[in-house]
Amino acid sequence: MGYTGGYTDTQIEEDVYRVRFSGNGMTTKNMVWQYWIYRCAELTTQKGYTHFMLLRSDEQTPMPQASSAPDGKPAYRTTASAADDDALSRVTPTATTSAPVFIYVPTAPVIKYANEGRIKLVKNPAAYPGRTLVRADVVLRLVGPFVRSAGKERAPSDMELLKLALITVPGPPRGRVTLDDLKYLLPPL
């Protein structure tokens, strides 16, 4: 992190981090979101985990539970394989924020975007029934070329990325999810 942008990771608990990515005056909102989600996945693998969960700012850290998946059935399902009416209906609301920062100079304002959120790192997705998690390996594979090329390669669309990277662990839903809850999964408009 520096004057021209970058990221910061703050450890809150053993497996919970606040990740922030700030752009510079040339970084678009979507690019900031792509870099932020990539950093979340990168941090996840660096710490030895396979998945991460996006947490609301007011949400207590979820504790793992015994797996309730029957033998022979997968411990989770991807949203790509879910029924059309259920693809994102059980997604855990998140607490990512993105806001422009205006810096005024004599000739024109410079707008800098930032994205921030709390993530819980997870090794065993089956221990979190009813939750939706993000597969770090998929994010790294899909967003990696975009990040390594400094935005010259095509970034996956937000829906393309979420469709392939989200998994839903079977179990009871965690309360009613509204469209307002889901808005935080996508980059800000």
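What you see as residue numbers is a count from 1 along each chain, following the sequence as written. Only residues with pLDDT of at least 70 are given local features in this predicted model, and only at 80 or more are side-chain atom pairs given and counted; all residues enter the totals for whole chains, interfaces and linings. For side-chain calculations, the full set of non-hydrogen atoms in the structure is used, while hydrogens and water are omitted.

1. So, the overall build of the protein
Here is the rule: Numbering goes from the N terminus for both helices and strands, where a helix is a DSSP run of H or I of at least four residues and a strand is a run of E of at least two. When a residue's accessible area, from a 1.4 Å probe over protein chains only, is under 20% of the maximum for its type it is buried; when over 50% it is exposed; and in between it is partly exposed. Residue contacts are counted whenever heavy atoms from the two residues lie within 4.5 Å of one another.
Across its full length, the protein holds four helices and eight strands. Counting helices and strands in the order they occur from the N terminus, the protein gives β-β-α-β-β-β-β-β-α-α-β-α. Counting across all 189 residues of the protein, residues that qualify as buried make up 44%. Considering only residue pairs separated by 6 or more positions, the protein has 74% of its internal contacts joining residues 24 or more positions apart.

2. Here we look at the pattern of salt bridges
Where charged atoms from two side chains of opposite charge approach closely, those side chains can pair. Inclusion rule: By salt bridge we mean one thing: a side-chain nitrogen of Lys or Arg within 4 Å of a carboxyl oxygen of Asp or Glu.
Enumeration according to the criterion identifies eight salt bridges in this entry. Where aspartate 137 meets arginine 135, a salt bridge forms, and the shortest distance between an N and an O atom there is 2.8 Å. Look at aspartate 137 and you get partly exposed, because its relative accessible area is 42%. Taking relative accessible area as the criterion, arginine 135 reaches 22% and is therefore assigned partly exposed. For arginine 154, the salt bridge goes to glutamate 160, with nearest N and O atoms at 3.1 Å. Arginine 154 gets classed as exposed once you look at its relative accessible area, which sits at 59%. Accessibility expressed as a relative area gives 30% for glutamate 160, which makes it partly exposed. Several salt bridges share partner residues, and in doing so they unite Asp9, Arg39 and Glu42 into one network.

3. Concerning the environment of arginine 131
Selection criterion: Counting of polar contacts relies on pairs of N or O atoms within 3.5 Å, with two restrictions inside protein: one atom must be capable of donating a hydrogen and the other of accepting it, and residues adjacent in sequence are counted only when both atoms are side-chain atoms.
Tracing the backbone through its elements, the reader meets arginine 131 in the loop between strand 6 (109–122) and strand 7 (132–135). Using a relative accessible area of 4% as the deciding quantity, one classes arginine 131 as buried. Sequence separation between arginine 131 and methionine 53 is 78 residues; the distance between their C-alpha atoms is 8.2 Å. A polar atom in the side chain of arginine 131 sits 2.9 Å from the side chain of glutamate 59.

4. Concerning the pairing of strand 1 (residues 6–13)
Note the threshold: The criterion for strand pairing is that DSSP finds at least two bridges linking the strands in question.
Judged from the seven bridges that link them, strand 1 and strand 2 (residues 16–22) form a sheet pairing that is antiparallel. Opposite threonine 10, over in strand 2, you have arginine 18 as the bridge partner. Taking the residues between adjacent antiparallel strands as the criterion, strand 1 and strand 2 are bridged by two residues.

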